[in-house]
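Breakdown of the fold
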Amino acid sequence: MRKEIEEQTDSLGWVLGTLVDPGAGALKPILDAVDFAQADRIVLLACGTAHYACHLASYRIEEFARIPVEIDLASEYRYRDRPLSGREIVIAVSQSGETADTFSALTALGSKAAARLAIVNVPTSSIAREADAILDIQAGPEIGVASTKAFTGQLMALLGIALKAGRDRGALDTASVARAVEELASVPRIVGATLRMAPEIAATAKTLAAASDIYFLGRGVNYPLALEAALKMKEISYIHAEAYAAGELKHGPIALIESGTPVVVFDGPDGLAEKTDSNVAEIAARGAAVVRIGPGEQCDLRIPEAAPLAAPFAYAVVAQLLAYFAAVEKGTDVDQPRNLAKSVTVE
Ligand code: F6R
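The rules behind each value
Residues numbered from 1 in each chain as written. Predicted model: local features only at pLDDT ≥ 70, side-chain atom pairs only at ≥ 80, totals over all residues. Heavy atoms only, no water. Pairing = 2+ DSSP bridges. Helix = DSSP H or I, 4+ residues; strand = E, 2+ residues; numbered from the N terminus. Contact = heavy atoms within 4.5 Å. Axes fitted to C-alpha atoms, helices over the stretch in contact; angles between N-to-C directions. Parallel < 35°, antiparallel > 145°, perpendicular 65-115°, else oblique. Left-handed = near helix turned anticlockwise from the far one by under 90°. Core = buried A, V, L, I, M, F, W, Y, C linked by side-chain atoms within 4.5 Å. Buried < 20%, exposed > 50% of the residue type's maximum accessible area, 1.4 Å probe, protein only.

What follows concerns the sheet that holds strand E8 (residues 213–218). In sheet architecture, strand pairing relies on hydrogen bonds along the backbone and comes in two forms, parallel and antiparallel. A sheet is described by the order of its strands in space; here five strands give the open sequence E9-E8-E10-E11-E12, paired in parallel fashion. At either margin of the open sheet sits one strand with a lone partner, and together these are strand E9 (240–245) and strand E12 (301–302). Where strand E10 (residues 262–266) and strand E11 (residues 289–294) come together, five bridges link them in parallel fashion. In the strand pairing of E11, Val264 is matched with Val291. Set on the sheet, helix H11 (residues 222–237) makes contact with E8, E9 and E10; between it and E9 the angle comes to about 175°.

Structure below.
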C-alpha cells in the first residue's frame, strides 16, 4: 500500500496526460462521442472509495457545467424505482470494473439513459465492456485492498469530465478552462510535496493509533475527503472512525465529543474557512484533541498551498498516509485487511 500511495505522482501524471494539454492550456478531446449539452442530469454511481470520488467531483461538475448531479451508491440505485427522462448521462466509477453492485446498476439502466460511461482502471473489465464509452485512469494495478492511487485517478478523470461537460454546455469559456488545466497540471507536484511530509504524518498517526474512536470533519469538497479518510482509517487500522460534514456537528454528533476525543479537521476549503474555524472552536471548547490539517498557520499538519482543484489531492494523500501509519503502529496487515476482498463481485 505504501508503494501505491507513492506511485500517485506517476499515475496522476499519466491520466493527466490523457486529459489535458497544459502547454496549450486546453482540455484534450475526451469522450468525443458523448455530448453533455443535451443532458438534463448527470448520475454518478459507485461503491466505497469510488463513491467518495464521485461525491467530491459532483461539486465541481455542478460548478463548471451548471447541470444537476445525482450521486448514489450503486447498491442503492439498482433497487430504486427512479424516474428517468432519458436525457441522463450516467457515469459508473469502479477501480476493478468488476464490482457487482456497480455492474448491475449500469446493466439495469440498459438504454434508458442517454449514455452510460465508465471510469475504470481495468479497460477489459465487465463494467468497461458494458458501458457505451470509458475513461481509463491508467493507475496501474492496485494490489493493496484499500484503494489509494485509484481514488486520486478517479478524481482526476471526473474533473476532466467536469471540464468537458462545462465546455459542451457553453458554461466554461476558454480562459476558465485554461485556468483549470493549469491547476490540474500542478497536481503531481502537490502530491509529491505532500508525500515528503510522511515523517510528520507518521508522528500524528502514532498519536491517533491509541484511540478507540476518531472523528473526521470537513466542509464542501473536504467533506467527501473526510468520509474517505474515515473509511481508510477503519478499513486498515480497525479503529472506529466516522466523518461528518462540519456543519452537521451541532445536529447530533457533538454529543460524542469529550475530553481527549481525537477529531481530525480538514481545514477550509476556500470560502468556507471561517465556518470551519467556528466548528474547531466548538469542539476545542469541549476538550477534543483537534488535529487540524490544511495549508494555514493555524494547522497542526501543514500541507502545501495548492489551487482549489489541486488541494483535494493533498488531503487525499494525507488521509491515506494517516491510515497507513496508524495501521503500521497497530501492527495490522495493511495490504490484506480482515474480512475484505479487493474485488467485490457478489452483492
Ligand atoms: C476502500 C475500497 C473500496 C472500493 C469499493 C469499490 O479502500 O477500496 O471501498 O472502493 O469496493 O471498488 P471498485 O472501485 O473496484 O468498484
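What follows covers the packing of helix H2 (residues 8–19) against helix H7 (residues 149–168). Orientation of H2 relative to H7, taken along the N-to-C sense of each, is 20°, at an axis distance of 10 Å. When the axis of H2 is compared with that of H7, the two are roughly parallel. For H2 against H7, the interelement crossing comes out right-handed. In this structure, H2 uses Gln8, Ser11, Leu12, Val15, Leu16 and Leu19 to contact H7, whose residues at the interface are Lys149, Thr152, Gly153, Met156, Ala157 and Gly160.

Turning to the nonpolar core, a few remarks are in order. Phe216, Met233, Phe266 and Ile293 are the most contacted members of the largest nonpolar core, which totals 102 residues. One finds Val43, Ala105, Ala128 and Ala131 within the second-largest nonpolar core, a separate group that totals 15 residues.

Keep in mind that these numbers describe shape and distance, not what the molecule does.
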